[in-house]
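Listed below are the residues making up each chain.
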Amino acid sequence: MFPFYLSHLRQGPYFISGALESDIRIFTTVASYREWRRKAFIENRSVGFVPTMGALHEGHLDLVRRSLSENDLTVLSIFVNPAQFAPHEDLETYPRTLEHDLKVLAEQQVVASNPDTSSNSIPTLNPNQVKRPSAVFLPSVREMYPGGIEQEIVKQRGTFVEVTAYGAQMEGKSRPGFFRGVATVVTKLFNVIQPTNAYFGQKDIQQALLLRHMVTDLLLSHPSPDHLHIVPTARDPSDNLALSSRNAYLSPAGRKVAPTLYAALKAAEECWLAGEGDEGGKNKNKKECVEIARALVERRIEEAHDHGLDVEITLDYIEMNDAGNFEVLDDTDTRSLRGNEAAPVILSGAMWVDRTRLIDNLLLGDFGTVVR
């Protein structure tokens, strides 16, 4: 069934009729989706939105189920955005598993114990009614970039969204131009989808917080800043590796060492949260905690070599940043010196396992109003 739809997607919209009697509309053009969205506006239905680049895993599906539980309708987009890949990055080889994605999406469902009234929508569901995904927005590159798109920024022509300062640290420092591409495509997607609520994973915490700044600065109403939700990172239950589409690149040996980054971040977290009474009654400072994390990575590299694993581990960065402005903490900062009134801290890192780049983060402090 799915190959039929995949071979005719240019003409959409189409429906995915799954074994669970789920009808999911596929929209490949902005115009066709907007007609559907206009009806949802008229019916006063809330729309939840999960933007993805496909290669869906359990982390994406967590976001889908969250949206299903909180909205009348749920839309997922699948679009591999060329504007956020540098020329040397993996645009051409990024995992594309559309048939699998549509299949697992059709299997998602939640039971609505109560009709959704969170957005002043007219209750349209009976209690205990099963809710399933409503639509997939599956545009072409031409549909999203009518004027064309080049991967090299100096060659790009047209309108792009810049997020100054906030994107210069962490991932932005390692991947110049990345957040320009992200901000541009997400602005386009928000303009098309017009979501009541949007859902992003904590694994890309800088991206999610930056987008919340963006919708605030651009005065967007769909979603409003408080309706852009950040959901805790989904992890492999066996070793806590953050789920990612790029994990598919890992060799068996690479998969064994991939949890190294999480282990390093946990070591730095333990250092930061150690409490009074350690080292003469003082908290360890940021520099000491980051060095502990780096030392753990170095030990894991040596262990991999000693065990004959044919894998190369290269640490990109481990850093601690202020969650409010993404500025790097001073080396001498400690938990007690920052005090209870300071913004929470993002402890993040990136690591290469052979040619696969992995990212992860932990949140230090009260993120109760941020990750929700």
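Keep in mind that what you see is a predicted model, and the values were worked out from it rather than measured. (Residues numbered from 1 in each chain as written. Predicted model: local features only at pLDDT ≥ 70, side-chain atom pairs only at ≥ 80, totals over all residues. Heavy atoms only, no water.)

Caption draft 1: Broad picture of the state of the cysteines. For the structure shown, the criterion picks out one disulfide. With its sulfur 2.2 Å from that of its partner, C271 forms a disulfide with C289. Negative torsions about the S-S bond denote left-handed disulfides, and the value of about -75° found for C271 with C289 makes this one left-handed. Here C271, found in helix 10 (residues 260-272), pairs with C289, found in helix 11 (residues 286-306); they are 18 residues apart in sequence, far enough to count as distant. Exposure class is identical for C271 and C289. Each is buried. (Disulfide = S-S within 2.5 Å. Helix = DSSP H or I, 4+ residues; strand = E, 2+ residues; numbered from the N terminus. Buried < 20%, exposed > 50% of the residue type's maximum accessible area, 1.4 Å probe, protein only.)

Caption draft 2: Structural detail: the pairing of strand 3 (residues 47-52). Burial analysis of strand 3 places six of its six residues in the buried class, which makes it a mostly covered element. Burial along strand 3 is two-sided: the residues V47, F49 and P51 and G48, V50 and T52 are all buried. Where strand 3 meets strand 4 (residues 73-78), six bridges bridge the pair, whose relative direction is parallel. Residue pairing for strand 4: P51 is matched across the bridge by S77. After leaving strand 3, the chain enters helix 3 (residues 58-70) and then returns to the sheet as strand 4, a path that is right-handed. Of the pairings in the sheet, the one linking strand 3 to strand 8 (residues 197-201) comprises two bridges and is parallel in character. Bridged to F49 within strand 8 is A198. (Pairing = 2+ DSSP bridges. Right-handed = clockwise from strand over helix to strand, strands pointing away.)

Caption draft 3: Fine view of the packing of helix 10 against helix 11. Packing of helix 10 against helix 11 brings their axes to within 8 Å, and their N-to-C directions diverge by 150°. For the element pair helix 10 / helix 11, the angle class is roughly antiparallel. Along this stretch, helix 10 crosses helix 11, giving a crossing that reads as right-handed. Contacts between helix 10 and helix 11 involve T260, A263, A264, A267, A268, C271 and W272 on the former and, on the latter, K286, E288, C289, I292, A293, L296, V297 and R300. When the residues that make up the contact of helix 10 with helix 11 are grouped by side-chain class, the tally is eleven nonpolar, one polar and three charged. (Axes fitted to C-alpha atoms, helices over the stretch in contact; angles between N-to-C directions. Parallel < 35°, antiparallel > 145°, perpendicular 65-115°, else oblique. Left-handed = near helix turned anticlockwise from the far one by under 90°. Contact = heavy atoms within 4.5 Å. Nonpolar A, V, L, I, M, F, W, Y, C, P; charged D, E, K, R; others polar.)

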